[in-house]
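The primary structure of each chain is shown beneath.
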Amino acid sequence: MLVKSIVDHEDEVQVREEESDGALLVEISVHEDDIGRIIGKRGRVIKAIRTLVWATAPPEQRVLVELAE
Amino acid sequence: MKSVEVVAKTREEALEIALKELNVDESQVKVEVLEESASKGLLSFLNVSKIKLRVSIKEDITEKATRLLREILVNMGISAQVEVFKRPGYINLNVNGDNMGRLIGRHGKTLNALQYLINIAVHKDNKDTDRIIIDAAGYRRRREENLERLALSIADRVKRKGRKEILYPMPPQERRIVHLILQDYNGVITYSEGEDPRRRIVISPEK
């Protein structure tokens, strides 16, 4: 899941993974100034990240990708 | 990434020394100010100002894109070859290997997401405007051929029946292809309507 680090200029990217109800929760937290950048115009960037994460995970694995506040 | 740190009296002076040492020109580097003790006010002529810079060579966008793509492929557990070729304005990265279906995704969704993210990543701190195009197992080329066939057959029908037709939603890159194909096709005009990601092409009879 190192994929995220490609988008940000800061080194303050953290990715936390957690198992909940059979789904894998991936929580991304970034520097305040990077939040806009990681969401993108109309959520385009975060959507692309989700698409890529889903493709990376095994097909039967449910994955939720959230952005930490 | 190769870099040097230089201390000098002015920024210009420091940069010049660094560029000479790295043997590159200014467009190829990233400059960071590490320390700066500026002389201020009326007594400035008494103080000696000092600046410390870190000057690093920027990775060229082709290298960066290829490196990121390889990293992601490894993460996805896909073993594949990446082939690079450039044409004006574009850098094509062609991937060939196992599991290409997974890399492409339904209707190219995964491939488009990957291409989008890699473009953002490489253009973030680089002025180079060449677009990165990622293809897997010739998917985009085949898609282009299909689009061409579709565009021409619909244009044909629009001309025959004199009634406009609306195509299904397509990403910008695919719409561009359709517009280009029908640019020189007499008797029809094309335009887009709606908002991304549901923006669609309309083929309409001329006049």
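Residues numbered from 1 in each chain as written. Chains lettered and ligands numbered in written order. Predicted model: local features only at pLDDT ≥ 70, side-chain atom pairs only at ≥ 80, totals over all residues. Heavy atoms only, no water.

## With respect to the overall build of chain A
On a plain count of helices and strands, chain A comes out with two helices and three strands. Counted from the first residue to the last, chain A has its helices and strands arranged as β-β-α-α-β. A buried classification covers 39% of the 69 residues belonging to chain A. Taking contacts inside chain A between residues at least 6 apart in sequence as the whole, the part at least 24 apart equals 50%. For chain A, the computed accessible surface area is about 4,300 Å², with 47% contributed by carbon and sulfur atoms. (Helix = DSSP H or I, 4+ residues; strand = E, 2+ residues; numbered from the N terminus. Buried < 20%, exposed > 50% of the residue type's maximum accessible area, 1.4 Å probe, protein only. Contact = heavy atoms within 4.5 Å. Areas by Shrake-Rupley, 256 points an atom, 1.4 Å probe, with all protein chains shown as cover.)

## Points about the packing of aromatic side chains
Overall, the coordinates contain zero aromatic pairs over all chains when judged by the stated rule. A cation over a ring is seen here: A:Arg44 above B:Tyr116, with NZ or CZ 4.0 Å from the ring centre. (Phe/Tyr/Trp six-rings, centres within 6.5 Å; stacked < 30°, edge-to-face > 60°. Lys NZ or Arg CZ within 6 Å of the ring centre and 35° of its normal.)

## Some words on helix 5 (residues 139-161) of chain B
A rise of 1.5 Å per residue sets the reference length of helix 5 of chain B, with its 23 residues, at 33 Å; its end C-alpha atoms lie 33 Å apart and thus fit the reference within 8%. For helix 5 of chain B, the full list of buried residues reads B:Tyr139, B:Arg140, B:Arg143, B:Leu147, B:Ala151, B:Ile154, B:Ala155 and B:Val158. (Expected span 1.5 Å × (residues − 1).)

## Focus on the sheet that holds strand 3 (residues 62-67) of chain A
Residues and elements named next belong to chain A. With respect to topology, three strands assemble into an open sheet ordered 1-2-3, the strand pairing being mixed. One side of each edge strand has no neighbouring strand; the edge strands of this open sheet are strand 1 (14-20) and strand 3. Averaged over neighbouring strand pairs, the angle between their axes works out to 20 degrees when direction is ignored. Two elements, strand 2 (residues 23-29) and strand 3, share six bridges in a ladder whose sense is parallel. Each residue of the ladder has a partner; that of Leu24, found in strand 3, is Val63. (Pairing = 2+ DSSP bridges. Axes fitted to C-alpha atoms, helices over the stretch in contact; angles between N-to-C directions.)

## Regarding the sheet that holds strand 2 (residues 29-37) of chain B
Hydrogen bonds between backbone atoms are what pair the strands of a sheet, whose relative direction is either parallel or antiparallel. Residue and element names in this part refer to chain B. Pairing in this open sheet of three strands is antiparallel, and the strands run 1-3-2 from one edge to the other. Each edge of the open sheet carries a strand with a single partner, namely strand 1 (3-8) and strand 2. Strand-to-strand twist in this sheet, taken as the mean axis angle between neighbours without regard to direction, amounts to 20 degrees. With six bridges joining them, strand 1 and strand 3 (residues 50-57) adopt antiparallel strand pairing.

## Thoughts on the domain arrangement of chain B
All names here are of chain B. Entries for chain B in the domain assignment read domain 1 (3-57), domain 2 (61-137) and domain 3 (142-205). The straight-line distance from the C-alpha centre of domain 2 to that of domain 3 is 27 Å. Between domain 2 and domain 3, the contact holds five residues from the first and four residues from the second. At the boundary of domain 2 with domain 3, the tally comes to zero salt bridges. The interface formed by domain 2 and domain 3 includes two residue pairs in polar contact (both at pLDDT 80 or more). (Domains from an automatic or database assignment. Salt bridge = Lys/Arg side-chain N within 4 Å of Asp/Glu carboxyl O. Polar contact = N/O pair within 3.5 Å; in protein donor to acceptor, adjacent residues only side chain to side chain.)

## A word on the interface of chain A and chain B
Tallying the contact residues gives 16 residues for chain A and 15 residues for chain B. When the two sides are added together, the surface that chain A and chain B hide from each other amounts to roughly 1,700 Å², 69% of it contributed by carbon and sulfur. Taken together, the links from chain A to chain B amount to zero salt bridges. Counting every contact that joins chain A to chain B gives one residue pair in polar contact (both at pLDDT 80 or more). For the side of chain A that touches chain B, the element with the most residues is helix 2 (residues 44-56) of chain A, which contributes eight residues. Classifying every residue of the side of chain A that touches chain B gives nine nonpolar, three polar and four charged. (Buried area = accessible area lost by both parts, 1.4 Å probe. Nonpolar A, V, L, I, M, F, W, Y, C, P; charged D, E, K, R; others polar.)

## Examining the nonpolar core
Judged by nonpolar contacts, the single largest core of 40 residues is most densely connected at B:Leu69, B:Leu103, B:Ile118, B:Ile132 and B:Ile134. When residues of this core are traced back to their parent elements, those giving at least two are strand 2, helix 2 and strand 3 of chain A together with helix 2 (61-75), strand 5 (90-97), helix 3 (100-104), helix 4 (109-123) and strand 6 (131-136) of chain B. Looking at which element gives the most residues to this core, the answer is helix 4 of chain B, with seven residues. The contact partners of B:Ile132, leaving out residues within four places of it in the chain, are B:Ile61, B:Ala65, B:Ile91, B:Leu93, B:Gln115, B:Ile118, B:Asn119 and B:Val122. Listed in part, the 14 residues of the second largest apolar core include B:Ala151, B:Ala155, B:Ile177 and B:Val178. (Core = buried A, V, L, I, M, F, W, Y, C linked by side-chain atoms within 4.5 Å.)

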